Structure formats: C-alpha cells, structure tokens
Amino acid sequence: MKPILEIEHLSIYFTQYDRGIRKRQLPVIRDLSLKICPGQVTAVVGASGSGKSLLAHAILGILPYNSHMDGVIRYDGEELTGKRAEQLRGREISLIPQGVNYLDPLMKVGAQIRKGRKGGGIREKCRQALKRYGLGEETEEMFPFELSGGMARRVLIASAVTESPRLIIADEPTPGLDVKAASRILGHFRELADAGAGMLFITHDLELALTIADRVAVFYAGETIEEAAAADFQEARGLRHPFTKALWNAMPEHGFIPLKGAQPYPGTVRKGCPFAEQCDRRRPDCKEAEEVPLRELRGGRVRCLHPEAAE
Amino acid sequence: MKHRLQFAAKKLLRMALLLLGVSLVSFLLMCASPLDPLQTNVGQVALGSMSQEQVAQLEAYWGVDTPPVQRYVGWLLGVLHGDLGSSLLYRQPVLAIIGQRLAGSVLLLLTAWIISGILGMTLGVIAGACRGQWPDKLIRGYCLLISSTPAFWLAILLLLIFAVWLGWLPVGLSVPIGMDAASVTLTDRLSHAVLPALTLSITGVANIALHTREKMVDVMESDYVLFAKARGESMRSIVLRHGLRNVLLPGITLQFASISEIIGGSVLVEQVFSYPGLGQAAVTAGLGSDLPLLLGITVITSAIVFGGNLIADLLYGVVDPKIRRRAAKG
C-alpha cells in the first residue's frame, strides 16, 4: 500500500544560547524515519521529553520559531513543504491534542470548531461531528471550562474530523482518563483508521498503544530505535532492541521489571549508542561507534549494533 | 442578590478604609513638611513688620498653634458631616475649587486616558504578534525610550518644538491670555489642551503597550493558539479571534489601573504648561500648606482611582464567561 506519510531522516534542532552569547544547536529529534499507511494506526511510543510532540508539530509545519528541521517529510508522495503544510493542516491533516487547554478558554466550543467560518454548510458539519461522538447541539454553546475531561477529548476529536482528514495525528490524547473512557477514545481512533485515514498515535503508554496499533515505533532520546508490527509485541522474542525488550518486561503482565537509570537528555550523548549506559547487553564498541544506523531486521527496523536475536 | 449586596458592602468598607489611610498619610506628610506656612504665604519681611497679636491671628488661621491630632480629628469630623472645609489660600469651599479644577482637567485626563489605552493596546498586540521581528523591535524600543523619559522633560520638549519653534500651539494656560471669559471659543480651549494631553498620552502608551505585549506573547505561545494553527487558522484570524479576546481581560485591569498614573502624571504636566487643573491645584496646596485643599484633592482623586478599579472589577463580570455563567446559574 502506498503510504500517506513518509518521514525520512528527520532531525529537529533548537537554537539555544549557551552562557548568553554562544549559539548552540540542540538536537531534540535525530534521524527519525517513519511510514504511515492509510487505514493503519501507527503508534509512536516514548517517554516524556523524548521529542514526540515535536514530531507532530513538524508534520503540521508549526514548530516553534527557535527551531529548525532537517530531512524529508513526504505527504501523499510529494514533499510536504512549509507552504503545503499550511494549506493542508486543518483540512487533510489534522491534530488531536492532549486536553482541554488546547481550546481557547474564552471562546465557545462551536465557534472554535467552525474556525470563524460561516456558510458552506460548516454549521451542519460541526453539528454532525459533535453528534458522531455523542455530543448534543448544546455543546456548541459551552465554554471549555464547562466541559468534563471526557467531553473535552471528544470535542477535540470532533474538531479534528469535521473536514474528513486523510491523516490524523493524535498527541497523547488519553492521559487523565479512566480505562473505560480511554478505551472508548481509542475505539474512535480505530474507527477513523478503518474508514481509511492514516493515523499517527503518539503516546508514552505502550500497553495502550498495542490495543489499537498496527505498527509501533519506539522512541528513545529523540531517535527511533525500533519499528515493528504490533504483532511482534506478542512475545519478547519478537522484539529487536534491548530497550524495547526492557519496555516489554516492564509491563505489569510481563514481570513488571523496571529499567535502571534514565534516558539521557537529547544532545548530551555525542558519540555511540545513547542507550549504552542503560543497556544490559552493552559491548565495548557500543560507546565507540560514530553512528548507529537504523537497519532492517525481520520485517522491522532496529537501531542497534547487536540486536536481540530471535531464539 | 445576597451575593451582590455582600460584594457591594465589602467594596464600600474597603474604600472607606483606603480613603482614611490616604488622608492620614497625606496629613502626616504635611505635618512633616519643613515649610512654615506663615513664611511661605505672608513673607519674611511682612512678618517682621507685624505686631505680636497680628502674627498670633495668622498662626491661628493657618492652624500652626493647634495640635496635629486635634486638627486631623477636626477635619475628619467635618468630612463625616459632608464638609470638606474651606481652602486657606483661595478662601472658598474645597469642594467648589475641586469641582472647578476637575472640570478643567477632565478634558485632558479623559483624552489622554482614551488615547493611551487604545494606542497602547494596539501597539502591544502588534508587537506581541510579531515577536522578535522589526515591528516588535520598533515598538519595544519606543516604549522603553518613553518610559525612561520623565514626563515633565517630555512636556518641555514638546513645548519647545510645537509652541516655541513651530508656533503651532499656545505655550500654556487653558485659555488665551487677556481674553474675556465669554468670548473664549471651544477651539481656543482645545488648542490649549492639545500639548498637555499629548504628553500624558505619549507617556501613558508605553506602560500599557509593554504589558499588553507580554500578555500577547503568552497568548501566542499558548496551547490553544498552537491548536488553532494546527486547525489551519490564518495568522490574521488567530490574532483577531484568539489574541484580542484573551488580551482584553487583563487589558481592562490595565486600562483602569492607569487612571492613577494619568492623574499622577497630570500633576507634573499641568505644572509645566501652567494649565489650571486639579494637578496644579494640588501642587499649589502642597507648597502653600493649604491643608484642607490638599486633603480634599487627595481624597477625591483616590476615590476616582478606586472607582476606576471598581468599574474594572464589574466589567470583568460582564466580559469573563466564567464569572458570567456562574452569575447566571446562581
């Protein structure tokens, strides 16, 4: 199937001032590659602070002013330039953000979904979208502070699907929800994908991601370290990278074993594999290698010099 | 209803306490003043040629021989009966003088207040929306320059340029010199008010613009603006629909709080332009040890400032949907 979105060797840097004067390029995402196909949910899983949200902003062309990116993002086979992203966002590409603070606190919900436009059946579209998620017409007249947590998420989803987008990016859309509400939201995502949209689901919760994802990309310190089919997560032996394996082992039903240490901050590891410090299978060359390339392995991809072998 | 009454009672009590405090502090400052009322108002030479009884009479008039506590309590009792006393310098009831002077100043204060508010808000929004680009740098530079310039110095500068060199506007006063009060036209009054009002507006803009800019920068970095961008809203739509809306609430507070700054500024500016307004009367009263007039002016201006803040609080209830919806429910 032809992918709707292809990201190749994407890097995002922040310009920082070191001790006041010296400019420094701080890499937050390094050499990220990802493919999203229509009708599929691709989950990007990583710890907080690993640059996941920036990935969403890069695709939408709304990175903060003090950052810049390298690499290529292709949408529907054509390069997604800043200008093209500007035309497509909100129409073909839409974002489902984290929570209620992504709504203007002083504007009624309906007015925000309609984006200030009138005519063209926008009123009807807005009503339809809300209805689809079980929200009545009265929701349009509410202010964000009047919505409950679950309602706010549904409003955000409704706002993303008013224009029937082909690519939907959901950025941590479930924290703060109970399991039932979260799985209902995820059910909506699955529906959207089954209706033909490509879905990028950004989360820190591997367990949650596995319930709906077709493919999973694991983030570590701003890099994709493994990309695999969700089915590979059935058993530990299907996995390729020691970090993914550690994540798997940390899941409650797989032993609940925590991983010692913490992720390095982006930009602090200049040489070698960033996971080397935490890795239990580290070998001498792991900290010496100039670059650890992402390579194909058993139908997925892994960024490791000595990947886990399938026994 | 009960809630509103409580609100009003609380505000009134607060206002009474504030006015009491302000009047007490101004009274104490006046007591601590090194100026001797007799020497300043009568003069050393005239005093020397007066008899002991005449001097004693003057001392009684200026209240020099009365103990301070007795003076303040006497003034306070009068105020509680609705009598602000009589001015020692002008020999007229304090209220009459304040009314007259306020009428002269109100044109000045109001134009300065409105112009600085609208202009400050507009510049602040533009600077915040274009953060880091040249409009922002220009506006910020202007604001920093103006806020580090003393108002009286700016007044003198404008006076030099527009009244002395270019001769477009009169040098001072509120009406032309030597003209019959009946034949003074509105144009005369306006042309005399332009320079002082301009000075007050220019200095007032800086503060409001800088504060609005900060708020606008916060709004532009907020999650909801990010999401508005992601939804495909244009920059124009974001600034007009989300920016203005969210800057408006703090803007109201800022605008009404600036009343105090405008009144404070008018004291200096009216002095430079010899504009016979409330500010000038305050200076005269202070230097001439005219206790009743000075206390009257401080109390009345404090009440105006307090009233401004009260209006801001009430407007909040109208503008902020959170307060509005709560009021509608309860």
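Residues numbered from 1 in each chain as written. Chains lettered and ligands numbered in written order. Predicted model: local features only at pLDDT ≥ 70, side-chain atom pairs only at ≥ 80, totals over all residues. Heavy atoms only, no water.

**Q** How would you explain the domain arrangement of chain A if you had to name every residue and give the values?
**A** Residue and element names in this part refer to chain A. What the domain assignment lists for chain A is domain 1 (5–92 + 163–302) and domain 2 (107–162). Each of domain 1 and domain 2 was reduced to a C-alpha centroid, and the two centroids are 29 Å apart. Domain 1 puts 13 residues into the contact, and the matching count from domain 2 is 14 residues. On the domain 1 side of the contact with domain 2, Glu163, His188 and Leu192 bury the most area, a combined 46% of that side's loss. Note that lysine 115 and glutamate 163 form a salt bridge whose closest N and O atoms lie 3.6 Å from each other. Where domain 1 packs against domain 2, one counts 4 residue pairs in polar contact (both at pLDDT 80 or more). Of the residues forming the side of domain 1 that touches domain 2, the biggest block, 4 residues, is contributed by helix H6 (residues 179–194). (Domains from an automatic or database assignment. Contact = heavy atoms within 4.5 Å. Buried area = accessible area lost by both parts, 1.4 Å probe. Salt bridge = Lys/Arg side-chain N within 4 Å of Asp/Glu carboxyl O. Polar contact = N/O pair within 3.5 Å; in protein donor to acceptor, adjacent residues only side chain to side chain. Helix = DSSP H or I, 4+ residues; strand = E, 2+ residues; numbered from the N terminus.)

**Q** Describe the pattern of salt bridges, and please don't skip the residues or the numbers.
**A** Following the criterion strictly, the structure yields 28 salt bridges over all chains and no others. Among the ionic pairs, aspartate 194 of chain A bridges to arginine 190 of chain A, the shortest N-O distance being 3.2 Å. Highlighted residues: aspartate 194 of chain A and arginine 190 of chain A, both in helix H6, separated by 4 residues, approximately one helical turn. For aspartate 194 of chain A, a relative accessible area of 54% translates into the label exposed. Between glutamate 233 of chain B and arginine 241 of chain B there is a salt bridge, with its nearest N and O atoms 3.4 Å apart. Through salt bridges that share partners, Lys2, Asp76, Glu92 and Arg166 of chain A make up one connected network. (Buried < 20%, exposed > 50% of the residue type's maximum accessible area, 1.4 Å probe, protein only.)

**Q** Talk me through the pairing of strand E3 (residues 41–45) of chain A; I want residue IDs and the actual numbers.
**A** Residue and element names in this part refer to chain A. Among the 5 residues of E3, 5 are classified as buried, and the element is accordingly described as predominantly covered. Along E3, one buried face is formed by Val41, Ala43 and Val45 and the opposite face, lined by Thr42 and Val44, is buried too. Both E3 and strand E8 (residues 198–203) contribute to a ladder of 5 bridges, which runs parallel. Note on E8: the bridge partner recorded for valine 45 is threonine 203. (Pairing = 2+ DSSP bridges.)

**Q** Would you mind going over the sheet that holds E3 of chain A in detail, with residue names and values included?
**A** Residue and element names in this part refer to chain A. The strand order E6-E7-E8-E3-E9-E10-E12-E11 describes an open sheet built from 8 strands, whose pairing is mixed. The outermost strands of the open sheet, each flanked by one partner alone, are strand E6 (93–96) and strand E11 (295–297). Adjacent strand axes in the sheet meet at a mean angle of 25° when their direction is disregarded. Relative to strand E12 (residues 300–302), E11 is paired through 3 bridges, and the arrangement is antiparallel. Note on E12: the bridge partner recorded for leucine 297 is glycine 300. Strands E3, E6, strand E7 (167–171) and E8 of the sheet are contacted by H6, whose axis makes an angle of about 150° with E8. (Axes fitted to C-alpha atoms, helices over the stretch in contact; angles between N-to-C directions.)

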